[in-house]
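Commentary on secondary and tertiary structure
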Amino acid sequence: MDYGFETRACNDPAAEPSATGDVVRPLHLSTTFEMGPSSEGEYKYTRFGNPTRAAVESKLARLEGADHGLALSSGMAAISTVCFGLLSPGDHVVAFESLFGGTKAMFDDLLAGQGVEVTYVDATDAGNVASAMRPETRLVWVESPTNPLLRLCDVEAVAKVADEGDATLAVDNTFSTPAVQRPLELGADVAVYSTTKFLNGHSDSMGGAICTDDDALVEQFRFVQERGFGAVLAPFDCFLLQRGLKTLPLRMRRHQSNATAVAAFLADHPEVRTVHYPGLEGHPQHDLAAEQMDGYGGVVSFEVDADAAETRAFLEELEVFDVAVSLGGVESLIEHTASMSAGNLTDEERRAAGISESLVRAPIGLEDPDDLVADLEAALGKL
């Protein structure tokens, strides 16, 4: 039976049953497993497989609607595993110019050092992706929505371009999660996540995930993950992620309703220049978001009418929002993007990415929306 997303997240009847009938999957901390002198069981060494990791990988795949799921030690481990599992010297990558800073740094420094060339394009127009394709293009990499400006690409249109060029399309779907958007259903070959964010949802576990339907790709990725990088998600983090996934649909609905309330308030505030949130009708890709997403996500970014010092002073006035990097936990966070999550970029790189000194990113948590709005209103009133 094809169970609904909420059922698959909470208590999936189609999941492989626990050997001991546990309602909550047990935590297997053992690093090694007993083997017979002439045969080996399903597990032998935790880097190559662990029952707790197998359980969460199965759940990740089921939520994505994928045949395969891998759980890795971080989001960057997932991104690196896809790239080093696919690319060789002389290969070419077409990437969305709006990318997480860590991804861009890895592309520019590590991939370039391995003889892989990357071309950045404005992927909000699939025609730009098509124009950048070459015979040696092996990978097309996009985020949608992007970090931190919440720009979207038409995943289905970009997938057609990648397919025509015989390239793999990978979508970093961290901001959306499969509760909101499922890239494989839109034609992507690979969906990548930082599970540290919304998937785990409690700011207490770092991890990453890769989902795909491609049997050959998953074997390449698994080889890099287990035998190359050793970038497997530890059993305790697998246990925490499994717990977090059970409430993902419920949490995402609240993240989104709160984000909508915050974005609407900010859009009407005289001290706010611009609000970036695809749920607003004024967002340039609002219609595309409504078409390819089941909601609009839980992250809002905005520019205050202030300089860098005034923007940081505004953040210091907040009481409900915690000033911190990362996102996707139950608590609302806020950051001065230029000096925090994009602090590793040069001034020129930040300008090219559209990250101004007045840009603020606010992952919206599960608090009372009236308290979030009141907190912002009080701090903005002091500008």
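Scroll up to find the structure.
Residues numbered from 1 in each chain as written. Predicted model: local features only at pLDDT ≥ 70, side-chain atom pairs only at ≥ 80, totals over all residues. Heavy atoms only, no water.

Topic: the overall build of the protein chain
Helix and strand content of the protein chain: 13 helices and 12 strands. Over its C-alpha trace the protein chain gives a radius of gyration of 21 Å, about what one expects of a compact globule, namely 21 Å for 383 residues. Along the three orthogonal principal directions, the C-alpha set of the protein chain runs to about 75 × 50 × 35 Å. Taking contacts inside the protein chain between residues at least 6 apart in sequence as the whole, the part at least 24 apart equals 72%. Roughly 16100 Å² of accessible area belongs to the protein chain as shown, and the carbon and sulfur atoms make up 49% of that amount. Between the averaged position of the 27 positive side-chain charges in the protein chain and that of its 61 negative side-chain charges there is a distance of 5 Å. (Helix = DSSP H or I, 4+ residues; strand = E, 2+ residues; numbered from the N terminus. Rg over C-alpha atoms; globule rule 2.2 N^0.38 Å. Contact = heavy atoms within 4.5 Å. Areas by Shrake-Rupley, 256 points an atom, 1.4 Å probe, with all protein chains shown as cover. Lys, Arg positive; Asp, Glu negative; His and termini not counted. Charge placed at Lys NZ, Arg CZ, Asp CG, Glu CD.)

Side note on unusual backbone geometry
Here the amide bond leading from S144 into P145 is cis, since omega sits at -5 degrees, within 30 degrees of zero. On the secondary structure map, P145 appears in the loop between β4 (137-143) and α6 (155-164). Cis peptide bonds are those with omega within 30 degrees of zero, and the linkage from N147 to P148 qualifies with 10 degrees. You can see P148 is positioned in the loop between β4 and α6. Despite not being glycine, D166 shows a phi value in the positive range, around 55 degrees. Positionally, D166 belongs in the loop between α6 and β5 (168-172).

Side note on the environment of A9
Looking at where A9 falls in the secondary structure, it is placed in helix α1 (residues 5-11). Residue classification places A9 among the buried positions, given a relative accessible area of 0%. Dropping the residues within four chain positions of it, A9 is found in contact with K59, L63, L245, K246 and P249. (Buried < 20%, exposed > 50% of the residue type's maximum accessible area, 1.4 Å probe, protein only.)

Quick word on the side chain of R151
Mapped onto the fold, R151 is located in the loop between β4 and α6. Separated by 3.5 Å, the side chains of R151 and E97 make a polar contact. Once residues within four sequence positions are removed from consideration, R151 is found in contact with F96, E97, S98, D122, T124, E143, S144, P145, T146 and Q285. (Polar contact = N/O pair within 3.5 Å; in protein donor to acceptor, adjacent residues only side chain to side chain.)

Describing α6
Spacing of three or four residues puts side chains on the same side of an α-helix, whose turn is 3.6 residues. Taken residue by residue, α6 has V155, V158, A159, V161 and A162 as its buried positions. For α6, the arc enclosing every buried residue in end-on projection is 160 degrees, short of the 170-degree limit, so these residues lie on one face. Residues K160, D163 and E164 are exposed on α6 and point more than 90 degrees away from its buried face. Each element contacted by the buried residues of α6 is listed here: α5 (126-132), β4, β5 and α10 (286-292). Two residues or fewer after α6 comes D166, characterised by a positive phi angle close to 55 degrees. (Arc of directions from axis to C-beta.)

Looking at the packing of aromatic side chains
One pass over the structure, following the stated rule, counts 7 aromatic pairs. With a centroid separation of 5.9 Å and an interplanar angle of 55 degrees, the aromatic rings of Y45 and F48 are classed as tilted. Y45 sits in the partly exposed class, given a relative accessible area of 40%. Residues F84 and F229 carry aromatic rings whose centres are separated by 5.7 Å and whose planes lie at 75 degrees to one another, so their mutual orientation is edge-to-face. Pair noted here: F84 is in helix α3 (residues 75-86) and F229 is in helix α7 (residues 215-229), with a separation of 145 residues, a long-range link. Sitting over the face of the ring of Y120, K104 holds its NZ or CZ atom 4.8 Å from the ring centroid. (Phe/Tyr/Trp six-rings, centres within 6.5 Å; stacked < 30°, edge-to-face > 60°. Lys NZ or Arg CZ within 6 Å of the ring centre and 35° of its normal.)

Observations concerning the nonpolar core
Formed by 78 residues in total, the largest nonpolar core has its most connected members in V82, F107, V129, V140, W141, V142 and L169. Looking at which element gives the most residues to this core, the answer is α3, with 6 residues. Leaving out residues up to four positions away in the same chain, V82 has contacts with W141, A170, V190, V192, I210 and F221. Judged by nonpolar contacts, the second largest core, of 26 residues, contains L266, V300, I334 and I364. (Core = buried A, V, L, I, M, F, W, Y, C linked by side-chain atoms within 4.5 Å.)

Structural notes on a nonpolar patch on the surface
A grouping of L27, L29 and F236 is seen on the molecular surface, where their side chains present a nonpolar patch of about 290 Å² in accessible area. Along the polypeptide, L29 turns up in the loop between α1 and α2 (51-64). By relative accessible area, which is 59% here, L29 ends up exposed. (Patch = residues over 30% accessible without salt bridge, like charges linked within 9 Å, V, L, I, M, F, W, Y side chains within 5 Å. Salt bridge = Lys/Arg side-chain N within 4 Å of Asp/Glu carboxyl O.)

What about the sheet that holds strand β10 (residues 322-323)?
Spatially, 5 strands are ordered β8-β9-β12-β11-β10 in an open sheet, and the strand pairing comes out mixed. Edge positions in the sheet fall to β8 (272-276) and β10, since each of these pairs with one other strand and no more. (Pairing = 2+ DSSP bridges.)

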